[in-house]
Amino acid sequence: MHHCLLIDEVLNNIFSWLGPGATLCNLARTCRAFYEPAAAIIWQKLEDFSPILRLLPEATRTAWAESRESESDCDEHEPGPPIVLTRPLTLEEWSMVKRLSQRVRDLRVFVTQRPHSYSITPGSLSFLLHPPGDESLESLFPNVQDLTFHCEGLPSLEAVCWQDNVLTLLRILIRPQLSWLALYPDGRLYALLNASGILASCPNLRVLQTSTATFETQEGARVTFAPTISSLQSLEMANIYNFSWDLLASLAQIKTLQRLFLETYHGLPDSPLPLTNEAFAGLCYLDTHITSWELVLSFYRWMPLGQLRGLAIKPADFARNDYSEDLEELLTLIPEHGIFLETIKVDCGFAFPRQPRHWRLTKSILTPYLSLRNLKVLDITLASPRYSPHLTDDDLIHMAQCWPLLKQLHLKIYASGWELPTGLSFRGIVALIQYCPDVEGFSLVFNAMEIPETVYRPDGNLIQNRRIRSLYVGNSPISSPEAVATFLRLLMPGLTTVSTYHAMDSTHKMHWTAVSASLRDLSARSAQP
């Protein structure tokens with residue numbers, strides 16, 4: 001064997017490209033030199049407890065019968081039968097579990113009453129958390145840095161014992177070295193989790209994914225709980241499902257928070273809490289998916305956007321007949337508060353209004369965006385052809401002149417084209433390329449019936465963009481595909497694909513298909529020696 005293969009760092013680099021699987025297992029059995037590096041990668045990420053439980057045949061059994069009430073309950077995606085512990089572990093078994101757990105860096109835990117191949121039951125958890133003799137639980141999984149923790153189906157019987165076991169497991173796994181945590185406990189556990197102060201034991205946490213939980217008490221009252229996160233003062237990214245105003249107010253005080261993802265499918269019963277001037281002071285990127293226009297507007301009236309560089313909004317209210325006024329207010333709020341924005345994405349494509357009135361996305365609505373001199377991406381997707389962009393060449397020229405750093409410009413309608421006639425032509429497209437030299441793609445509907453003469457810059461150089469590889473033209477009208485392909489090739493030499501609205505007029509669609517074919521042919525010819 002070459003001496004290089006006796007160096008663990010070299011083997012770690014080679015083996016890391018293989019990923020866990022049969023190949024690494026075979027390498028681990030090859031020789032002593034390969035065993036440690038291969039075993040470290042095999043056990044580095046543990047999707048569930050089953051790989052460890054399978055190594056304890058005398059202390060476990062399969063539990064298909066417990067995991068389903070009938071054959072119809074069978075989960076075809078289960079990779080194998082659920083495995084449950086049937087007794088406490090012996091010292092030898094415990095030592096093996098402890099040794100393997102020390103290799104784990106990324107762990108996923110799913111605790112549920114009903115056995116699954118990917119979960120651990122409360123009974124198995126109870127046996128696992130009672131080590132033999134004087135063995136300490138602190139020796140389990142001491143090096144976990146990334147943790148995903150789910151639990152659900154809190155049983156009515158022996159609930160206190162079940163809760164204690166789950167909290168004990170969390171105390172073991174949530175330690176100072178933890179940097180990534182996805183936490184989704186049963187709603188009834190949130191109060192105990194907050195009271196225990198367990199989250200305070202991971203002050204170095206960088207990424208948090210969690211959710212609020214709402215459940216009904218015995219008295220019929222609905223109670224909402226959220227994790228207490230005020231101690232996570234090193235948090236850089238948070239992904240919150242079904243957020244609450246209280247939770248957002250806590251996040252606002254974390255100065256290290258840079259990226260925030262919010263998603264909710266229901267309204268919030270309370271009013272937002274007032275924020276201080278330093279709220280969300282370090283936030284650079286915000287992504288929201290909210291299924292209520294009222295909540296969308298309440299949130300963005302409340303949320304400070306002053307330091308943001310990137311913003312993505314996906315309103316998805318399926319109960320509205322028309323939301324054009326709300327959409328216009330939202331589009332107005334964005335540039336008023338987000339003066340440093342570089343990326344803006346508003347996607348209403350999945351929120352179809354039932355009875356939309358006629359509304360246009362015009363230059364007057366986009367005028368406040370002209371002050372965003374650092375803008376690189378503007379992507380607005382509308383849901384209905386009744387909500388259509390309407391711009392002229394002069395409008396596009398002015399926009400291009402104000403956004404010299406622009407890379408992407410997409411104004412489109414989901415599963416539809418613009419309302420015709422469009423006010424854009426090749427004159428506006430040429431200006432976009434002239435004034436935005438870094439542009440990499442755009443989605444616009446323009447009149448391609450009239451083709452201009454070859455266009456030059458004032459210095460005599462040809463106006464060209466070699467970055468653009470594809471563009472979306474929606475339902476742009478066209479009459480001469482060969483001439484259009486030749487002009488586009490001259491304007492954008494790297495362009496190879498032009499896509500359209502799939503249900504547009506068959507003649508125009510056929511012409512644009514011919515344009516794409518011509519562009520690919522021209523590209524192939526130019527590549528030939």
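In this report, the structure presented in the accompanying data block is examined. Predicted model, so just to flag it, every value in this text is computed and none were measured. (Residues numbered from 1 in each chain as written. Predicted model: local features only at pLDDT ≥ 70, side-chain atom pairs only at ≥ 80, totals over all residues. Heavy atoms only, no water.)

A word on the packing of helix α1 (residues 8-16) against helix α3 (residues 32-42)
As a reminder of what qualifies: Only the stretch in contact is used when a helix axis is fitted, and all axes are lines through C-alpha atoms; the angle between N-to-C directions ranges over 0 to 180 degrees. Secondary structure elements are defined from DSSP: runs of H or I of at least 4 residues count as helices, runs of E of at least 2 residues count as strands, and each element is numbered from the N terminus. Angular relationships are summarised with four words: roughly parallel below 35 degrees, roughly antiparallel beyond 145, roughly perpendicular across 65 to 115, and oblique for the angles in between. Rotating anticlockwise by less than a right angle from the far helix to the near helix defines a left-handed crossing, while the corresponding clockwise rotation defines a right-handed one. Note on contacts: a residue pair qualifies if any of its non-hydrogen atoms lie within 4.5 Å across the two residues. Only Asp, Glu, Lys and Arg are considered charged, only Ala, Val, Leu, Ile, Met, Phe, Trp, Tyr, Cys and Pro nonpolar, and every remaining residue, Gly among them, polar.
The interhelical angle for the contact between α1 and α3, taken along N-to-C directions, is 45°, at an axis separation of 9 Å. Taken together, the axis directions place α1 and α3 in an arrangement best described as oblique. Note that α1 runs across α3; the crossing there is right-handed. Between α1 and α3, the contacting residues are Asp8, Leu11, Asn12, Phe15 and Ser16 on the first element and Ala33, Phe34, Pro37, Ala38 and Ile41 on the second. Looking at the contact of α1 with α3, its residues break down into 7 nonpolar, 2 polar and 1 charged.

Quick look at the side chain of Thr381
Our working definition: The rule is simple: take the accessible area with a 1.4 Å probe, protein chains only, and divide by the maximum for that residue type; under 20% is buried, over 50% is exposed, in between is partly exposed. Whenever two N or O atoms come within 3.5 Å, that pair is a polar contact, provided that in protein one can donate a hydrogen and the other can accept it, and provided that, for residues adjacent in sequence, both atoms are side-chain atoms.
Topologically, Thr381 is positioned in strand β16 (residues 377-382). For Thr381, a relative accessible area of 8% gives the class buried. At 3.5 Å, the side chain of Thr381 and the side chain of Lys412 are in polar contact.

Notes on the packing of aromatic side chains
For clarity, the threshold we go by: Aromatic rings from Phe, Tyr and Trp, taking only the six-membered ring of Trp, are treated as a pair when their centres fall within 6.5 Å; an angle between ring planes under 30 degrees marks them as stacked, one over 60 as edge-to-face, and anything in between as tilted. Our definition puts a charge over a ring when NZ of Lys or CZ of Arg is within 6 Å of the ring centre and also within 35 degrees of the ring normal.
Scanning the model with the defined rule gives 16 aromatic pairs in all. With a centroid separation of 5.1 Å and 70° between ring planes, the pair formed by Trp245 and Trp302 is classed as edge-to-face. Here the residue Trp245 occupies a position in helix α10 (residues 245-252), and Trp302 occupies one in helix α11 (residues 293-302), the gap between them amounting to 57 residues. By relative accessible area, Trp302 is classed as buried at 13%. Pairing Trp359 with Tyr387 gives two aromatic rings, centres 5.8 Å apart and planes at 80°, and the pair type is edge-to-face. Of this pair, Trp359 sits in strand β15 (residues 359-361) while Tyr387 sits in strand β17 (residues 387-389), and the two are 28 residues apart along the sequence. Of the two residues examined, Trp359 and Tyr387, each falls in the buried class. An aromatic cluster is defined as three or more aromatic residues linked by ring pairs; in this entry it consists of Phe243, Trp245, Phe280, Phe299, Tyr300 and Trp302. In this structure, Arg259 packs its charged tip against the face of Tyr285, placed 4.5 Å from the ring centre.

Some remarks on the pattern of salt bridges
Any two side chains of opposite charge can pair, so long as their charged atoms come close to each other. Stated precisely, the cut-off is as follows: We define a salt bridge as a contact between a side-chain nitrogen of Lys or Arg and a carboxyl oxygen of Asp or Glu at a distance within 4 Å.
What the rule picks out here adds up to 17 salt bridges. Note that Arg427 and Asp394 form a salt bridge whose closest N and O atoms lie 2.8 Å from each other. With Arg427 in helix α15 (residues 426-435) and Asp394 in helix α14 (residues 393-402), this residue pair connects regions lying 33 residues apart in the sequence. Under the relative-accessibility criterion, Arg427 is labelled partly exposed at 45%. Its relative accessible area of 48% is what places Asp394 among the partly exposed residues. Through salt bridges with shared partners, one network takes in Lys45, Glu47 and Arg108.

A closer look at unusual backbone geometry
With an omega dihedral of 5°, the bond running from Leu420 to Pro421 counts as a cis peptide bond. In this structure, Asn242 takes a positive phi of about 55° despite not being glycine. Mapped onto the fold, Asn242 is located in the loop between β10 (237-241) and α10. For Asn242, a relative accessible area of 12% puts it in the buried group. Despite not being glycine, Ala415 shows a phi value in the positive range, around 55°. Position of Ala415 relative to the elements: it lies in the loop between β18 (408-413) and α15. Its relative accessible area of 44% is what places Ala415 among the partly exposed residues.

Looking at the environment of Ser523
Relative to the helices and strands, Ser523 resides in helix α17 (residues 506-527). Linking Ser523 and Gly494, residues 29 residues apart in sequence, is a C-alpha distance of 7.6 Å. Beyond its immediate chain neighbours, meaning those up to four positions away, Ser523 contacts Arg489 and Thr496.

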